[in-house]
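Observations on the three-dimensional arrangement
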Amino acid sequence: MSAAGTNWITDLRRDFDRVFSSSKGRTHVIRAPGRVNLIGEHTDYNDGFVFPMAIEPEIRFVCRSREDGQVRLTSTEMGQKESVASSQNSGAGSRNASTDYRLLDSQFSRPLASFSLNEKIVPLDKHDKDAWTNYPRGAIAELIAAGIPLSGMDVLLTSSIPLGGGLSSSAALLVGTARCALALAGLTMDPQRLALLCQKAEHEYAGAPVGIMDQTIIAAARAGTAMLLDCRDLSKRFVPLDAQELRVVVANSLVKHDLGAGGDNEYAKRRRQCEEAVRFFATPPIGNPAVKSLRDVTLQQIDQAKGKLDDVVLRRARHVVTETARTARFAELLAEKKYEQAGDLMLQSHASMRDDYEITVEEVDFLSAEAMKVKGVYGARMTGGGFGGCIVALVQPRAATALIEHLTRGYADRFGKRPECFVTTAADGASIVA
Ligand code: ADP
Ligand code: MG
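Residues numbered from 1 in each chain as written. Chains lettered and ligands numbered in written order. Predicted model: local features only at pLDDT ≥ 70, side-chain atom pairs only at ≥ 80, totals over all residues. Heavy atoms only, no water.

So, on to the environment of Tyr-411. Inspection of the secondary structure puts Tyr-411 in helix H11 (residues 400–415). The exposure class assigned to Tyr-411 is buried, which follows from its relative accessible area of 0%. Considered as a pair, Tyr-411 and Phe-366 are 45 residues apart in the sequence and their alpha carbons are 8.0 Å apart. Once you skip the residues sitting within four places of it in the chain, Tyr-411 turns out to touch Ser-253, Val-255, Glu-363, Phe-366, Leu-367, Gly-416, Lys-417, Arg-418 and Pro-419. Within the structure, Tyr-411 has its side chain in polar contact with the backbone oxygen of Ser-253 (distance 2.7 Å). (Helix = DSSP H or I, 4+ residues; strand = E, 2+ residues; numbered from the N terminus. Buried < 20%, exposed > 50% of the residue type's maximum accessible area, 1.4 Å probe, protein only. Contact = heavy atoms within 4.5 Å. Polar contact = N/O pair within 3.5 Å; in protein donor to acceptor, adjacent residues only side chain to side chain.)

Further remarks concern the site of ligand 1. Neighbouring ligand 1 are 18 residues; Ser-75, Gly-164, Gly-166, Ser-169 and Ser-170 lie closest to it. Here an oxygen atom of ligand 1 sits 2.8 Å away from a polar atom, N or O, in the main chain of Gly-164. In this structure, an oxygen atom belonging to ligand 1 sits 3.0 Å away from a side-chain N or O atom of Ser-170. Its free accessible area being 560 Å², ligand 1 has 78% of it covered by the protein chains. Those elements that place two or more of their residues in the shell around ligand 1 are strand S8 (152–159) and helix H3 (169–184). In terms of residues, the shell around ligand 1 owes the most to one element, H3, which gives 3 residues. (Near = heavy atom within 4 Å. Areas by Shrake-Rupley, 256 points an atom, 1.4 Å probe, with all protein chains shown as cover.)

Viewed as axis vectors pointing N to C, helix H6 (residues 266–281) and helix H8 (residues 311–335) meet at an angle of 90 degrees, and their least axial separation amounts to 9 Å. Taken together, the axes of H6 and H8 are roughly perpendicular relative to one another. Contact residues: Arg-270, Gln-273, Cys-274, Glu-276, Ala-277 and Phe-281 in H6; Val-312, Val-313, Arg-316, Ala-317 and Val-320 in H8. Here the residues of the contact of H6 with H8 are counted per class, giving 7 nonpolar, 1 polar and 3 charged. (Axes fitted to C-alpha atoms, helices over the stretch in contact; angles between N-to-C directions. Parallel < 35°, antiparallel > 145°, perpendicular 65-115°, else oblique. Nonpolar A, V, L, I, M, F, W, Y, C, P; charged D, E, K, R; others polar.)

Right, let's talk about the sheet that holds strand S14 (residues 420–424) for a bit. Spatial strand order, S12-S13-S11-S14: 4 strands in an open sheet with antiparallel pairing. Each of the sheet's edge strands pairs with one partner strand only, and the pair in question is strand S12 (377–383) and S14. Strand after strand, the sheet turns through a mean of 20 degrees between neighbouring axes, direction not considered. Where S12 meets strand S13 (residues 388–395), 6 bridges bridge the pair, whose relative direction is antiparallel. Following the sheet pairing, Arg-381 is matched in S13 by Val-392. Across the face of the sheet, helix H9 (residues 339–355) comes into contact with S12 and S13 while running at roughly 30 degrees to S12. (Pairing = 2+ DSSP bridges.)

Geometry only, nothing functional implied.
Rendered as C-alpha coordinates:
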(Lines give C-alpha, C1' and ligand atoms only; values in the text may rest on other atoms or scores of the structure.)
(Ligands and ions follow the chains in the order given, each with its own letter.)
Protein backbone atom coordinates (compact mmCIF):
# COMPACT_ATOMS: atom_id res chain seq x y z
CA MET A 1 0.00 0.00 0.00
CA SER A 2 1.29 3.48 -0.86
CA ALA A 3 2.21 6.04 1.79
CA ALA A 4 -0.98 7.97 0.97
CA GLY A 5 -2.84 4.69 1.35
CA THR A 6 -1.68 4.05 4.91
CA ASN A 7 -1.71 7.64 6.19
CA TRP A 8 -5.45 7.88 6.10
CA ILE A 9 -5.75 4.88 8.40
CA THR A 10 -3.56 6.56 11.01
CA ASP A 11 -5.46 9.85 10.63
CA LEU A 12 -8.85 8.22 10.89
CA ARG A 13 -7.82 6.16 13.91
CA ARG A 14 -6.59 9.31 15.63
CA ASP A 15 -9.93 11.03 15.03
CA PHE A 16 -11.68 7.91 16.28
CA ASP A 17 -9.64 7.93 19.49
CA ARG A 18 -10.54 11.57 20.08
CA VAL A 19 -14.28 10.96 19.78
CA PHE A 20 -14.42 7.55 21.44
CA SER A 21 -11.68 8.03 24.00
CA SER A 22 -13.54 6.18 26.71
CA SER A 23 -13.79 2.84 24.89
CA LYS A 24 -11.04 0.24 24.85
CA GLY A 25 -10.14 -2.74 22.71
CA ARG A 26 -9.22 -3.60 19.17
CA THR A 27 -10.40 -1.44 16.28
CA HIS A 28 -11.17 -2.52 12.74
CA VAL A 29 -10.91 -0.36 9.64
CA ILE A 30 -13.45 -1.08 6.90
CA ARG A 31 -14.11 0.48 3.51
CA ALA A 32 -17.19 0.34 1.29
CA PRO A 33 -17.09 1.84 -2.22
CA GLY A 34 -19.66 3.76 -4.22
CA ARG A 35 -20.73 2.39 -7.58
CA VAL A 36 -21.55 3.45 -11.09
CA ASN A 37 -23.66 1.54 -13.59
CA LEU A 38 -21.95 1.35 -16.98
CA ILE A 39 -25.10 0.25 -18.81
CA GLY A 40 -28.48 -1.33 -18.02
CA GLU A 41 -30.86 1.35 -16.76
CA HIS A 42 -34.37 0.60 -15.46
CA THR A 43 -33.77 -3.04 -16.35
CA ASP A 44 -33.44 -4.24 -12.74
CA TYR A 45 -37.15 -4.28 -11.91
CA ASN A 46 -37.84 -5.90 -15.28
CA ASP A 47 -35.74 -8.98 -14.49
CA GLY A 48 -33.04 -7.76 -16.90
CA PHE A 49 -29.28 -7.21 -16.73
CA VAL A 50 -27.31 -4.41 -15.12
CA PHE A 51 -23.57 -3.83 -15.47
CA PRO A 52 -22.17 -1.85 -12.52
CA MET A 53 -18.68 -1.50 -11.11
CA ALA A 54 -17.39 -0.24 -7.77
CA ILE A 55 -15.63 3.14 -7.91
CA GLU A 56 -12.69 4.62 -6.01
CA PRO A 57 -14.74 7.08 -3.90
CA GLU A 58 -15.66 5.20 -0.75
CA ILE A 59 -16.83 5.39 2.85
CA ARG A 60 -14.16 4.55 5.42
CA PHE A 61 -15.04 3.29 8.86
CA VAL A 62 -13.19 2.74 12.13
CA CYS A 63 -15.11 0.62 14.63
CA ARG A 64 -14.68 -0.95 18.06
CA SER A 65 -16.93 -3.22 20.15
CA ARG A 66 -18.86 -2.05 23.17
CA GLU A 67 -20.10 -4.25 25.98
CA ASP A 68 -23.19 -2.19 26.86
CA GLY A 69 -25.18 -2.77 23.64
CA GLN A 70 -24.91 0.88 22.56
CA VAL A 71 -24.16 1.73 18.92
CA ARG A 72 -22.56 5.19 18.83
CA LEU A 73 -21.88 6.86 15.50
CA THR A 74 -20.11 9.88 14.11
CA SER A 75 -19.95 10.78 10.42
CA THR A 76 -17.65 13.53 9.24
CA GLU A 77 -20.36 14.42 6.72
CA MET A 78 -22.85 15.32 9.43
CA GLY A 79 -22.97 18.39 11.69
CA GLN A 80 -19.66 19.64 10.34
CA LYS A 81 -18.23 22.88 9.04
CA GLU A 82 -16.77 22.83 5.52
CA SER A 83 -13.25 21.57 6.14
CA VAL A 84 -11.72 19.23 3.67
CA ALA A 85 -8.54 17.23 3.70
CA SER A 86 -7.14 15.85 0.51
CA SER A 87 -5.77 12.41 1.22
CA GLN A 88 -4.95 11.78 -2.42
CA ASN A 89 -4.19 13.92 -5.44
CA SER A 90 -7.46 15.68 -6.09
CA GLY A 91 -6.20 17.98 -8.83
CA ALA A 92 -9.47 19.83 -9.00
CA GLY A 93 -8.84 22.07 -6.01
CA SER A 94 -12.25 21.35 -4.49
CA ARG A 95 -14.17 18.26 -3.48
CA ASN A 96 -14.98 17.60 -7.12
CA ALA A 97 -12.45 14.85 -7.47
CA SER A 98 -14.32 12.78 -4.90
CA THR A 99 -11.04 11.67 -3.39
CA ASP A 100 -11.19 14.24 -0.60
CA TYR A 101 -12.21 13.33 2.90
CA ARG A 102 -13.54 15.77 5.44
CA LEU A 103 -11.59 16.15 8.67
CA LEU A 104 -13.33 16.00 11.98
CA ASP A 105 -13.98 19.42 13.58
CA SER A 106 -12.38 19.99 16.96
CA GLN A 107 -15.90 20.31 18.42
CA PHE A 108 -16.34 16.59 17.91
CA SER A 109 -15.11 15.09 21.10
CA ARG A 110 -18.37 13.18 21.61
CA PRO A 111 -20.28 10.84 19.30
CA LEU A 112 -22.99 12.39 17.16
CA ALA A 113 -25.77 9.83 17.42
CA SER A 114 -26.54 6.58 19.16
CA PHE A 115 -29.07 3.81 19.58
CA SER A 116 -29.27 0.70 21.69
CA LEU A 117 -29.37 -3.00 20.80
CA ASN A 118 -31.18 -3.63 24.08
CA GLU A 119 -34.35 -2.11 22.64
CA LYS A 120 -36.22 -2.65 19.40
CA ILE A 121 -34.39 -0.69 16.70
CA VAL A 122 -36.81 1.66 14.98
CA PRO A 123 -36.29 4.07 12.08
CA LEU A 124 -36.30 7.79 12.86
CA ASP A 125 -38.59 10.25 11.12
CA LYS A 126 -36.99 11.39 7.87
CA HIS A 127 -36.88 15.00 9.16
CA ASP A 128 -34.98 14.01 12.30
CA LYS A 129 -31.46 15.44 12.36
CA ASP A 130 -30.14 11.93 12.95
CA ALA A 131 -32.23 10.39 10.13
CA TRP A 132 -29.01 9.33 8.39
CA THR A 133 -28.61 6.72 11.15
CA ASN A 134 -31.59 4.90 9.64
CA TYR A 135 -29.07 3.18 7.38
CA PRO A 136 -26.88 1.88 10.23
CA ARG A 137 -30.03 1.15 12.23
CA GLY A 138 -31.45 -0.86 9.35
CA ALA A 139 -28.24 -2.78 8.68
CA ILE A 140 -27.83 -3.74 12.34
CA ALA A 141 -31.51 -4.57 12.83
CA GLU A 142 -31.53 -6.86 9.78
CA LEU A 143 -28.39 -8.67 10.92
CA ILE A 144 -29.98 -9.27 14.30
CA ALA A 145 -33.24 -10.38 12.64
CA ALA A 146 -31.17 -12.90 10.67
CA GLY A 147 -30.11 -14.40 13.99
CA ILE A 148 -26.60 -12.98 14.12
CA PRO A 149 -25.43 -12.14 17.63
CA LEU A 150 -23.94 -8.64 17.75
CA SER A 151 -22.36 -6.46 20.39
CA GLY A 152 -22.67 -2.71 20.53
CA MET A 153 -20.03 -0.64 18.76
CA ASP A 154 -18.44 2.76 18.31
CA VAL A 155 -18.09 3.88 14.70
CA LEU A 156 -16.45 6.84 13.02
CA LEU A 157 -16.94 7.17 9.28
CA THR A 158 -15.74 9.52 6.59
CA SER A 159 -16.67 9.56 2.93
CA SER A 160 -15.69 10.77 -0.52
CA ILE A 161 -18.96 9.61 -2.12
CA PRO A 162 -21.24 12.60 -2.64
CA LEU A 163 -24.41 12.18 -0.59
CA GLY A 164 -27.45 11.82 -2.82
CA GLY A 165 -25.29 12.09 -5.93
CA GLY A 166 -26.48 8.88 -7.54
CA LEU A 167 -23.28 6.98 -6.70
CA SER A 168 -24.96 5.01 -3.96
CA SER A 169 -23.58 6.46 -0.76
CA SER A 170 -26.64 4.93 0.90
CA ALA A 171 -25.77 1.35 -0.02
CA ALA A 172 -22.10 1.95 0.88
CA LEU A 173 -23.23 3.14 4.32
CA LEU A 174 -25.44 0.07 4.78
CA VAL A 175 -22.94 -2.51 3.55
CA GLY A 176 -20.05 -0.82 5.36
CA THR A 177 -21.91 -0.68 8.68
CA ALA A 178 -22.88 -4.33 8.35
CA ARG A 179 -19.28 -5.26 7.59
CA CYS A 180 -18.17 -3.38 10.72
CA ALA A 181 -20.63 -5.28 12.90
CA LEU A 182 -19.68 -8.63 11.35
CA ALA A 183 -15.94 -7.96 11.67
CA LEU A 184 -16.32 -7.14 15.35
CA ALA A 185 -18.31 -10.34 15.84
CA GLY A 186 -15.54 -12.28 14.08
CA LEU A 187 -17.97 -13.36 11.36
CA THR A 188 -18.12 -13.28 7.59
CA MET A 189 -21.17 -13.50 5.38
CA ASP A 190 -21.74 -14.46 1.76
CA PRO A 191 -21.75 -11.09 -0.11
CA GLN A 192 -25.05 -11.77 -1.90
CA ARG A 193 -26.76 -12.64 1.38
CA LEU A 194 -25.35 -9.47 2.88
CA ALA A 195 -26.61 -7.49 -0.12
CA LEU A 196 -30.15 -8.89 0.20
CA LEU A 197 -30.16 -8.08 3.88
CA CYS A 198 -28.99 -4.50 3.24
CA GLN A 199 -31.58 -4.08 0.50
CA LYS A 200 -34.26 -5.05 3.00
CA ALA A 201 -32.81 -2.53 5.45
CA GLU A 202 -33.01 0.22 2.81
CA HIS A 203 -36.64 -0.70 2.09
CA GLU A 204 -37.73 -0.88 5.69
CA TYR A 205 -35.55 1.67 7.48
CA ALA A 206 -34.99 4.28 4.77
CA GLY A 207 -38.32 3.80 2.98
CA ALA A 208 -36.54 3.50 -0.38
CA PRO A 209 -37.86 0.74 -2.68
CA VAL A 210 -34.45 0.11 -4.27
CA GLY A 211 -33.45 -2.80 -6.50
CA ILE A 212 -30.65 -5.23 -5.71
CA MET A 213 -27.91 -3.77 -7.91
CA ASP A 214 -26.32 -1.25 -5.53
CA GLN A 215 -25.99 -3.52 -2.53
CA THR A 216 -24.76 -6.41 -4.66
CA ILE A 217 -21.98 -4.56 -6.44
CA ILE A 218 -20.83 -2.82 -3.26
CA ALA A 219 -20.74 -6.09 -1.30
CA ALA A 220 -19.40 -8.34 -4.06
CA ALA A 221 -17.34 -6.24 -6.52
CA ARG A 222 -13.93 -7.49 -7.59
CA ALA A 223 -11.20 -4.95 -8.32
CA GLY A 224 -10.47 -4.46 -12.01
CA THR A 225 -13.81 -5.83 -13.16
CA ALA A 226 -17.38 -4.77 -13.81
CA MET A 227 -20.21 -7.13 -12.90
CA LEU A 228 -22.86 -8.35 -15.32
CA LEU A 229 -25.67 -9.04 -12.88
CA ASP A 230 -28.76 -10.94 -13.94
CA CYS A 231 -31.50 -9.40 -11.81
CA ARG A 232 -33.71 -12.43 -12.41
CA ASP A 233 -31.56 -15.07 -10.72
CA LEU A 234 -28.72 -12.92 -9.30
CA SER A 235 -26.10 -14.79 -11.30
CA LYS A 236 -22.97 -12.76 -11.98
CA ARG A 237 -20.25 -12.54 -14.55
CA PHE A 238 -17.15 -10.49 -13.74
CA VAL A 239 -15.72 -8.83 -16.84
CA PRO A 240 -12.17 -7.41 -16.69
CA LEU A 241 -11.80 -3.68 -17.21
CA ASP A 242 -8.15 -3.39 -18.06
CA ALA A 243 -6.68 -0.40 -16.17
CA GLN A 244 -3.89 -0.18 -18.76
CA GLU A 245 -6.47 0.46 -21.45
CA LEU A 246 -9.53 2.00 -19.83
CA ARG A 247 -10.73 4.60 -17.40
CA VAL A 248 -14.20 5.49 -16.35
CA VAL A 249 -15.09 9.16 -15.99
CA VAL A 250 -18.14 10.27 -14.04
CA ALA A 251 -19.57 13.78 -14.37
CA ASN A 252 -22.36 14.93 -12.10
CA SER A 253 -24.72 17.47 -13.68
CA LEU A 254 -25.74 18.56 -10.16
CA VAL A 255 -29.33 18.52 -11.36
CA LYS A 256 -31.55 16.87 -8.80
CA HIS A 257 -35.06 16.29 -9.92
CA ASP A 258 -37.48 15.81 -7.08
CA LEU A 259 -39.40 12.82 -8.33
CA GLY A 260 -42.04 13.49 -5.71
CA ALA A 261 -43.27 11.12 -3.06
CA GLY A 262 -45.78 8.35 -3.28
CA GLY A 263 -47.16 6.51 -6.27
CA ASP A 264 -47.32 9.48 -8.59
CA ASN A 265 -43.63 10.07 -9.21
CA GLU A 266 -41.93 9.44 -12.53
CA TYR A 267 -40.23 6.28 -11.25
CA ALA A 268 -43.51 4.78 -10.09
CA LYS A 269 -45.11 5.79 -13.39
CA ARG A 270 -42.40 3.96 -15.38
CA ARG A 271 -42.89 0.88 -13.26
CA ARG A 272 -46.64 0.94 -13.86
CA GLN A 273 -46.12 1.35 -17.60
CA CYS A 274 -43.80 -1.67 -17.61
CA GLU A 275 -46.44 -3.69 -15.76
CA GLU A 276 -49.05 -2.63 -18.30
CA ALA A 277 -46.74 -3.76 -21.10
CA VAL A 278 -46.20 -7.12 -19.40
CA ARG A 279 -49.98 -7.64 -19.18
CA PHE A 280 -50.27 -6.91 -22.90
CA PHE A 281 -47.42 -9.24 -23.87
CA ALA A 282 -48.73 -12.02 -21.64
CA THR A 283 -52.02 -12.00 -23.55
CA PRO A 284 -52.46 -13.87 -26.88
CA PRO A 285 -52.41 -13.50 -29.83
CA ILE A 286 -49.29 -11.24 -29.81
CA GLY A 287 -48.17 -12.25 -26.37
CA ASN A 288 -48.20 -15.50 -24.50
CA PRO A 289 -48.89 -16.39 -20.88
CA ALA A 290 -45.27 -17.48 -20.37
CA VAL A 291 -44.27 -13.79 -20.33
CA LYS A 292 -43.67 -12.89 -16.69
CA SER A 293 -41.65 -9.71 -17.18
CA LEU A 294 -40.22 -7.57 -20.00
CA ARG A 295 -37.15 -9.82 -19.87
CA ASP A 296 -39.28 -12.41 -21.70
CA VAL A 297 -40.35 -10.06 -24.51
CA THR A 298 -38.53 -9.98 -27.85
CA LEU A 299 -37.90 -7.04 -30.17
CA GLN A 300 -40.04 -8.80 -32.76
CA GLN A 301 -42.99 -8.78 -30.36
CA ILE A 302 -42.40 -5.08 -29.74
CA ASP A 303 -42.60 -4.44 -33.49
CA GLN A 304 -45.78 -6.49 -33.76
CA ALA A 305 -47.38 -4.47 -30.99
CA LYS A 306 -47.19 -1.18 -32.91
CA GLY A 307 -50.63 0.34 -33.27
CA LYS A 308 -52.10 -2.19 -30.83
CA LEU A 309 -50.47 -1.05 -27.62
CA ASP A 310 -50.50 2.54 -26.36
CA ASP A 311 -47.53 4.29 -27.98
CA VAL A 312 -45.99 5.56 -24.74
CA VAL A 313 -46.23 2.13 -23.11
CA LEU A 314 -44.76 0.57 -26.23
CA ARG A 315 -41.77 2.92 -26.15
CA ARG A 316 -41.19 2.23 -22.46
CA ALA A 317 -41.20 -1.50 -23.21
CA ARG A 318 -38.89 -1.00 -26.18
CA HIS A 319 -36.34 0.74 -23.98
CA VAL A 320 -36.32 -2.11 -21.51
CA VAL A 321 -36.14 -4.85 -24.17
CA THR A 322 -33.38 -3.15 -26.16
CA GLU A 323 -31.48 -2.09 -23.03
CA THR A 324 -31.44 -5.62 -21.66
CA ALA A 325 -30.02 -6.90 -24.96
CA ARG A 326 -27.51 -4.03 -25.09
CA THR A 327 -26.29 -4.75 -21.58
CA ALA A 328 -25.57 -8.42 -22.24
CA ARG A 329 -23.86 -7.51 -25.53
CA PHE A 330 -21.85 -4.71 -23.89
CA ALA A 331 -20.36 -7.18 -21.41
CA GLU A 332 -19.33 -9.47 -24.27
CA LEU A 333 -17.77 -6.63 -26.23
CA LEU A 334 -15.83 -5.42 -23.21
CA ALA A 335 -14.55 -8.94 -22.59
CA GLU A 336 -13.39 -9.00 -26.22
CA LYS A 337 -11.83 -5.54 -25.79
CA LYS A 338 -14.00 -4.15 -28.60
CA TYR A 339 -14.18 -0.75 -26.97
CA GLU A 340 -15.50 1.24 -29.93
CA GLN A 341 -18.46 -1.06 -30.38
CA ALA A 342 -19.08 -1.09 -26.64
CA GLY A 343 -19.02 2.71 -26.70
CA ASP A 344 -21.62 2.75 -29.48
CA LEU A 345 -23.96 0.75 -27.25
CA MET A 346 -23.56 3.40 -24.53
CA LEU A 347 -24.70 6.04 -27.02
CA GLN A 348 -27.66 3.89 -28.06
CA SER A 349 -28.51 3.41 -24.41
CA HIS A 350 -28.52 7.16 -23.86
CA ALA A 351 -30.71 7.76 -26.91
CA SER A 352 -33.13 5.09 -25.70
CA MET A 353 -33.37 6.69 -22.25
CA ARG A 354 -33.89 10.09 -23.87
CA ASP A 355 -36.40 9.16 -26.59
CA ASP A 356 -38.17 5.99 -25.43
CA TYR A 357 -37.98 6.07 -21.64
CA GLU A 358 -37.91 9.88 -21.44
CA ILE A 359 -35.83 10.12 -18.28
CA THR A 360 -33.00 12.42 -19.35
CA VAL A 361 -32.81 16.20 -18.96
CA GLU A 362 -31.10 18.84 -21.08
CA GLU A 363 -28.03 18.98 -18.84
CA VAL A 364 -27.20 15.27 -19.04
CA ASP A 365 -28.00 15.19 -22.76
CA PHE A 366 -25.50 18.01 -23.13
CA LEU A 367 -22.79 16.32 -21.05
CA SER A 368 -23.03 13.00 -22.85
CA ALA A 369 -23.03 14.65 -26.30
CA GLU A 370 -20.07 16.88 -25.37
CA ALA A 371 -18.11 13.91 -24.04
CA MET A 372 -18.14 12.36 -27.50
CA LYS A 373 -16.31 15.36 -28.95
CA VAL A 374 -13.16 14.45 -27.01
CA LYS A 375 -10.61 12.19 -28.68
CA GLY A 376 -10.19 8.87 -26.91
CA VAL A 377 -13.74 8.72 -25.53
CA TYR A 378 -15.41 5.46 -26.54
CA GLY A 379 -18.87 6.14 -25.23
CA ALA A 380 -20.92 8.16 -22.75
CA ARG A 381 -24.39 7.93 -21.32
CA MET A 382 -26.54 8.99 -18.41
CA THR A 383 -26.25 6.62 -15.47
CA GLY A 384 -28.77 6.18 -12.67
CA GLY A 385 -32.48 6.61 -12.36
CA GLY A 386 -32.69 9.78 -14.43
CA PHE A 387 -34.03 13.35 -14.35
CA GLY A 388 -30.55 14.66 -13.60
CA GLY A 389 -27.63 12.98 -11.89
CA CYS A 390 -24.46 11.75 -13.55
CA ILE A 391 -23.12 10.67 -16.89
CA VAL A 392 -20.54 7.91 -17.19
CA ALA A 393 -17.95 7.73 -19.97
CA LEU A 394 -15.64 4.92 -21.04
CA VAL A 395 -12.32 6.42 -22.12
CA GLN A 396 -8.67 5.75 -22.89
CA PRO A 397 -6.55 6.59 -19.82
CA ARG A 398 -4.86 9.52 -21.54
CA ALA A 399 -8.22 11.04 -22.51
CA ALA A 400 -9.55 11.30 -18.96
CA THR A 401 -8.07 14.68 -18.03
CA ALA A 402 -8.95 16.23 -21.39
CA LEU A 403 -12.51 15.00 -21.03
CA ILE A 404 -12.92 16.45 -17.55
CA GLU A 405 -11.52 19.79 -18.70
CA HIS A 406 -13.76 19.85 -21.75
CA LEU A 407 -16.90 19.03 -19.77
CA THR A 408 -16.08 21.48 -17.00
CA ARG A 409 -15.53 24.35 -19.44
CA GLY A 410 -18.46 23.55 -21.73
CA TYR A 411 -20.93 23.00 -18.90
CA ALA A 412 -19.92 26.21 -17.13
CA ASP A 413 -20.36 28.19 -20.37
CA ARG A 414 -23.76 26.71 -21.05
CA PHE A 415 -25.29 26.27 -17.61
CA GLY A 416 -23.20 28.55 -15.41
CA LYS A 417 -22.00 25.87 -13.01
CA ARG A 418 -19.21 23.31 -12.73
CA PRO A 419 -20.09 19.66 -13.05
CA GLU A 420 -18.44 17.45 -10.42
CA CYS A 421 -16.13 15.14 -12.34
CA PHE A 422 -13.76 12.37 -11.40
CA VAL A 423 -11.88 9.54 -13.02
CA THR A 424 -11.82 6.04 -11.59
CA THR A 425 -10.75 2.47 -12.15
CA ALA A 426 -12.93 -0.46 -11.07
CA ALA A 427 -12.53 -0.82 -7.30
CA ASP A 428 -12.86 -3.78 -4.97
CA GLY A 429 -16.05 -4.48 -3.02
CA ALA A 430 -16.39 -3.64 0.69
CA SER A 431 -13.45 -5.00 2.64
CA ILE A 432 -11.55 -5.03 5.91
CA VAL A 433 -8.50 -2.79 5.55
CA ALA A 434 -6.98 -3.22 9.00
P1 ADP B 1 -27.15 8.12 -3.01
O2 ADP B 1 -27.23 6.71 -2.54
O3 ADP B 1 -27.33 8.27 -4.48
O4 ADP B 1 -25.89 8.82 -2.56
P5 ADP B 1 -29.44 8.42 -1.30
O6 ADP B 1 -30.44 9.50 -1.17
O7 ADP B 1 -29.91 7.05 -1.62
O8 ADP B 1 -28.35 8.92 -2.37
O9 ADP B 1 -28.61 8.30 0.05
C10 ADP B 1 -28.05 9.45 0.64
C11 ADP B 1 -28.29 9.40 2.15
O12 ADP B 1 -27.45 8.38 2.74
C13 ADP B 1 -27.87 10.66 2.85
O14 ADP B 1 -28.91 11.62 2.85
C15 ADP B 1 -27.55 10.16 4.25
O16 ADP B 1 -28.73 9.98 4.98
C17 ADP B 1 -26.96 8.79 3.99
N18 ADP B 1 -25.50 8.86 3.90
C19 ADP B 1 -24.74 8.50 2.86
N20 ADP B 1 -23.42 8.68 3.11
C21 ADP B 1 -23.34 9.16 4.37
C22 ADP B 1 -22.26 9.56 5.23
N23 ADP B 1 -20.99 9.51 4.83
N24 ADP B 1 -22.57 10.03 6.46
C25 ADP B 1 -23.84 10.06 6.87
N26 ADP B 1 -24.89 9.73 6.13
C27 ADP B 1 -24.67 9.27 4.88
MG1 MG C 1 -28.95 5.51 -2.66
